[in-house]
Amino acid sequence: MRVGILTGGGDCPGLNAVIRAVVRKAERHYGYQVIGFLDGWRGVVEDDWVGLNVESCRGLLPKGGTVLGTSRHTPFNLDNGMARAGDTMHKHDLDALIAIGGEGTLSCASEVSELGFNVIGVPKTIDNDVGCTERTFGFDTAVAVATEAIDRLHTTAESHARVMFVEVMGRNVGHIAIWAGIAGGATYTLVPEEPFDLDELCAALLRRKARGRYASIVVVAEGARPQPGTLEIAEPPVDAYGHKRLGGIASVIAQEVEQRTNLETRVTILGHVQRGGSPTPFDRVLATRFGVAAIDAAHAKQFGQMVALRGGQIELVALKDATANLKPVNSEMLEVAHAFFA
Ligand code: F6P
């Protein structure tokens, strides 16, 4: 069997661990050959690839980013993309293609699979928003980075008696914000799932001050939005793929809070720091389990499926179901966070 592999969309820690696991089991257990396409779907369309083997994957487990490169191209946004991708699959006599990615890459995998390609999906993203899986790898690392930042901000917040705003990633969902907020003991957390009320936030911060605890930490997901008509937020610019470039809402909120409450604020936007560097042990293990399960699925010809973590076990789910809806933060987690709002 010959298998292709690609990494698409925003990178995240653990991508290389999946590649290594796929290659190791493919070569040593099944005797399969693996090639890696460069820059996600672009490499498939443009027939741009590198050979992968156990030797070339040495040292990849703890390495952040992706050695294959990544992009937001798909066969649908490149000229004659599907036909060229088909030619590439044919030319290399590929029996299966393993696509590692988030919402965009996996939706593309689902469509491509319906058109007859033998595809298996592996869910990644620090946002943890892919449906039908309890976790995506990369999320645990991002939460660890954000929690460490919040821990550090606590001490300077207390020294200066300030309200510190910390903006984390999470364009459509607030998993990173809620987890880091709970882990870091935030005073308040704003997430896309719950349009916020600025008056309520200001009142909470003032209540806290009245109790003698002036310093506060407010965690803001980059995709957090105010309740309609309560605060003017400029529409973010979009990139070449129509992807909104978020970032900066915490500054708008902090300025407004300072004006309304007279509390001194500061803003930290964590940005891509959350996506860089070495994966945590949890993400290394999850990425490895996903990689092994993906090549097992290819061996079993279980195409059109995505590997997923469900009830602590690795299972296969239909790509179509996994990409139907994003996974929001559940109400239990939101309630846990609410219990600590000032
Ligand atoms: O989807 C993952 C993510 O990290 C989002 O949380 C964030 O909004 C986006 O990627 C940033 O993408 P880019 O790397 O294009 O700036």
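Residues numbered from 1 in each chain as written. Predicted model: local features only at pLDDT ≥ 70, side-chain atom pairs only at ≥ 80, totals over all residues. Heavy atoms only, no water.

(A) Geometry of the site of the ligand. Around the ligand sit Arg72, Thr125, Ile126, Asp127, Met169, Gly170, Arg171, Glu222, His272 and Arg275, and those are all the residues in its vicinity. At a separation of 3.5 Å, an oxygen atom of the ligand approaches a polar backbone atom of Gly170. Taken by itself the ligand offers 400 Å² of open surface, and the protein chains cover 80% of this. If you map the ligand onto the pockets, it falls in the largest pocket. Residue composition of the shell around the ligand, grouped by class: two nonpolar, three polar and five charged. Looking at the shell around the ligand, you find at least three residues from each of domain 1 (2–138 + 279–322) and domain 2 (141–275). (Near = heavy atom within 4 Å. Polar contact = N/O pair within 3.5 Å; in protein donor to acceptor, adjacent residues only side chain to side chain. Areas by Shrake-Rupley, 256 points an atom, 1.4 Å probe, with all protein chains shown as cover. 1 Å grid on protein atoms, 1.4 Å probe; cavity = no way out; pocket = protein on both sides within 12 Å on 5 of 7 lines; lining within 4 Å. Sits in = over half its atoms within 2 Å of the grid points. Nonpolar A, V, L, I, M, F, W, Y, C, P; charged D, E, K, R; others polar. Domains from an automatic or database assignment.)

(B) Inspection of the sheet that holds strand β2 (residues 33–37) at higher detail. Taken together, seven strands build an open sheet; the order of strands is β3-β2-β1-β4-β5-β10-β11 and the sheet is mixed. Where the open sheet ends on each side, the last strands, each with one partner, are β3 (49–52) and β11 (313–318). Strand-to-strand twist in this sheet, taken as the mean axis angle between neighbours without regard to direction, amounts to 30°. Both strand β10 (residues 305–310) and β11 contribute to a ladder of six bridges, which runs antiparallel. (Pairing = 2+ DSSP bridges. Helix = DSSP H or I, 4+ residues; strand = E, 2+ residues; numbered from the N terminus. Axes fitted to C-alpha atoms, helices over the stretch in contact; angles between N-to-C directions.)

(C) How the structure looks around the nonpolar core. Ile98, Phe137, Phe165, Leu201 and Ile253 are the most contacted members of the largest nonpolar core, which totals 83 residues. Inspection of this core shows a minimum of three residues originating in each of domain 1 (2–138 + 279–322) and domain 2 (141–275). Not counting residues within four places of it along the chain, the set of residues in contact with Phe165 comprises Leu201, Val218, Val220, Ala250, Ile253, Ala254, Val257, Thr265, Arg266, Val267 and Thr268. Among the nonpolar cores identified, the runner-up in size contains 24 residues, and Leu97, Ala109, Val112 and Met306 belong to it. (Core = buried A, V, L, I, M, F, W, Y, C linked by side-chain atoms within 4.5 Å. Buried < 20%, exposed > 50% of the residue type's maximum accessible area, 1.4 Å probe, protein only. Contact = heavy atoms within 4.5 Å.)

(D) A look at the pattern of salt bridges. Tallied over the full model, the rule gives 14 salt bridges. Between Lys25 and Asp296 there is a salt bridge, with its nearest N and O atoms 2.9 Å apart. On the criterion of sequence distance, the pair formed by Lys25 in helix α1 (residues 15–30) and Asp296 in helix α9 (residues 281–299) is long-range, its members being 271 residues apart. Here Asp296 falls in the partly exposed class, since its relative accessible area comes to 25%. In this structure, Lys91 engages Asp47 in a salt bridge whose closest nitrogen and oxygen atoms are separated by 2.4 Å. Placement of Lys91 in helix α3 (residues 81–91) and of Asp47 in the loop between α2 (41–45) and β3 is noted, with a sequence separation of 44 residues between them. (Salt bridge = Lys/Arg side-chain N within 4 Å of Asp/Glu carboxyl O.)

(E) The side chain of Arg42, seen in detail. Positionally, Arg42 belongs in helix α2. Arg42 sits in the buried class, given a relative accessible area of 14%. If we skip the residues at most four places from it in the chain, Arg42 touches Asp47, Asp48, Ser71, His73 and Leu78.

(F) How the structure looks around the packing of α1 against α9. Viewed as axis vectors pointing N to C, α1 and α9 meet at an angle of 45°, and their least axial separation amounts to 7 Å. By the angle class used here, α1 and α9 are oblique. The interaxial crossing formed by α1 with α9 has right-handed handedness. Residues Ala17, Val18, Arg20, Ala21, Val22, Lys25, Ala26 and Tyr30 of α1 pack against Arg284, Ala287, Thr288, Gly291, Val292, Ile295, Asp296 and His299 of α9. Tallied by class, the residues present in the contact of α1 with α9 amount to nine nonpolar, three polar and four charged. (Parallel < 35°, antiparallel > 145°, perpendicular 65-115°, else oblique. Left-handed = near helix turned anticlockwise from the far one by under 90°.)

(G) Local environment of the layout of surface pockets. Here the largest pocket is characterised by a volume of approximately 1,100 Å³. Along the wall of the largest pocket there are 46 residues; nearest its centre are Arg72, Arg171, His243, Lys244 and Arg275. Mapped onto the lining of the largest pocket, the elements with two or more residues apiece are α4 (103–114) and β6 (163–168). The leading source of residues in the lining of the largest pocket is α4, at four residues. (Points joined across faces, edges and corners; volume = space filled by probe spheres on them.)

(H) Layout of the environment of Lys209. Here Lys209 shows up in helix α7 (residues 198–210). Relative accessible area serves as the criterion here: at 40%, Lys209 is assigned to the partly exposed category. On a C-alpha basis, the gap between Lys209 and Ala161 in space is 9.6 Å, while along the polypeptide they are 48 residues apart. The residues touching Lys209, leaving out its near neighbours within four places in the chain, are Tyr214 and Leu263.

(I) Examining the pairing of strand β4 (residues 96–101) more closely. Counting buried residues in β4 gives six out of six residues, a clear majority hidden from the surface. Here β4 shows a buried face lined by Ala96, Ile98 and Ile100 and a second buried face lined by Leu97, Ala99 and Gly101. Relative to β4, strand β1 (residues 2–7) is paired through five bridges, and the arrangement is parallel. For Ile5, the partnering residue across the bridge sits in β4 and is Ile98. Bridge count between β4 and strand β5 (residues 119–123): five bridges; the pairing is parallel. The partner of Leu97 across the bridge, within β5, is Val119. The parallel pair β4 and β5, bridged by α4, forms a crossover whose chirality is right-handed. (Right-handed = clockwise from strand over helix to strand, strands pointing away.)

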